[in-house]
Amino acid sequence: MITVTVRFFASIRDITNTELMSISLPEDSSLQELRQKLICQFPEFEKWKEFVRFAINHNYREIDFILNDKDEIAVIPPVSGG
């Protein structure tokens, strides 16, 4: 098992009702498995699954990226502004 730290921002933080949490996953899990775990724990997250971006240790990564123990993942919803 690995343990990752997940940080939530903006509307995603509202869904999870927390800014930070630790999540345990099997070794060789990808962001896709993490995303699915978040959907199971927070069903409202599913409507955002195609729109959020994931940054691992301050670098944006694709959904098939394999996670490592102690990675820090930022879950970032789309933003708008002017």
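Look a little higher up for the structure.
Per-chain numbering applies: the sequence of each chain, read as written, is numbered from 1 onward. Two thresholds apply to this predicted model, a pLDDT of at least 70 for residue-level local features and 80 or more for giving and counting side-chain atom pairs, whereas whole-chain, interface and lining totals are computed over all residues. With hydrogens and water stripped out, all remaining heavy atoms of the structure feed into the side-chain values.

Undergrad: Help me understand the environment of Lys 47, please; the structure alone is not making it clear to me.
TA: Helix numbering and strand numbering both begin at the N terminus, where a helix is a DSSP run of H or I of at least 4 residues and a strand a DSSP run of E of at least 2. Its location among the elements puts Lys 47 in the loop between helix H2 (31–41) and strand E3 (53–56). Along the chain, Lys 47 and Pro 26 lie 21 residues apart, while their C-alpha atoms are 25 Å from each other.

Undergrad: For this particular structure, what's the right way to read H2?
TA: Since the α-helix advances by 3.6 residues per turn, residues separated by three or four positions end up pointing in the same direction. Relative accessibility under 20% of the residue-type maximum defines a buried residue, over 50% an exposed one, and the middle range a partly exposed one, all with a 1.4 Å probe and only protein chains included. Every buried residue of H2 is listed here: Leu 31, Leu 34, Arg 35, Leu 38 and Ile 39. In a view along the axis of H2, the buried residues occupy a sector of 140°, so they form one face of it. The contact criterion used is simple: two residues touch if any of their non-hydrogen atoms lie within 4.5 Å. Turning to H2, the residues buried within the fold contact strand E1 (2–8), strand E2 (20–25), E3, strand E4 (59–61) and strand E5 (72–76). Arc, as used here, means the arc of the directions from the helix axis to the C-beta atoms.

Undergrad: Teacher, can you tell me more about the sheet that holds E4 here?
TA: Think of a sheet as strands paired side by side through backbone hydrogen bonds, with each pair either parallel or antiparallel. Strand pairing requires that DSSP identify at least two bridges connecting the strands. Ordered by their spatial adjacency, 5 strands build an open sheet running E2-E1-E5-E3-E4, and the pairing between neighbours is mixed. Here the strands that pair on one side only, and so sit at the sheet edges, are E2 and E4. Direction aside, neighbouring strands of the sheet carry axes that sit 35° apart on average. Taken together, the 4 bridges between E3 and E5 define a ladder with antiparallel strand orientation. Across the sheet, residue Arg 53 finds its bridge partner in E5, namely Ile 76. Note on method: axes are straight lines fitted to C-alpha atoms, helices fitted across the in-contact stretch only, with angles between N-to-C directions ranging 0 to 180 degrees.

Undergrad: It is not clear to me how the pattern of salt bridges should be interpreted in this structure. Could you clarify?
TA: Pairing between side chains becomes possible if they bear opposite charge and their charged atoms approach one another. Throughout this description, the term salt bridge denotes a Lys or Arg side-chain nitrogen within 4 Å of a carboxyl oxygen of Asp or Glu. Summed over all chains, the structure comprises 3 salt bridges. Put simply, Lys 47 and Glu 44 hold a salt bridge, and the shortest N to O gap is 3.7 Å. Owing to a relative accessible area of 45%, Glu 44 belongs among the partly exposed residues under this scheme. Salt-bridge contacts for Lys 49 lead to Glu 46; the nearest nitrogen and oxygen are separated by 3.6 Å. Owing to a relative accessible area of 25%, Lys 49 belongs among the partly exposed residues under this scheme. Under the relative-accessibility criterion, Glu 46 is labelled partly exposed at 41%.

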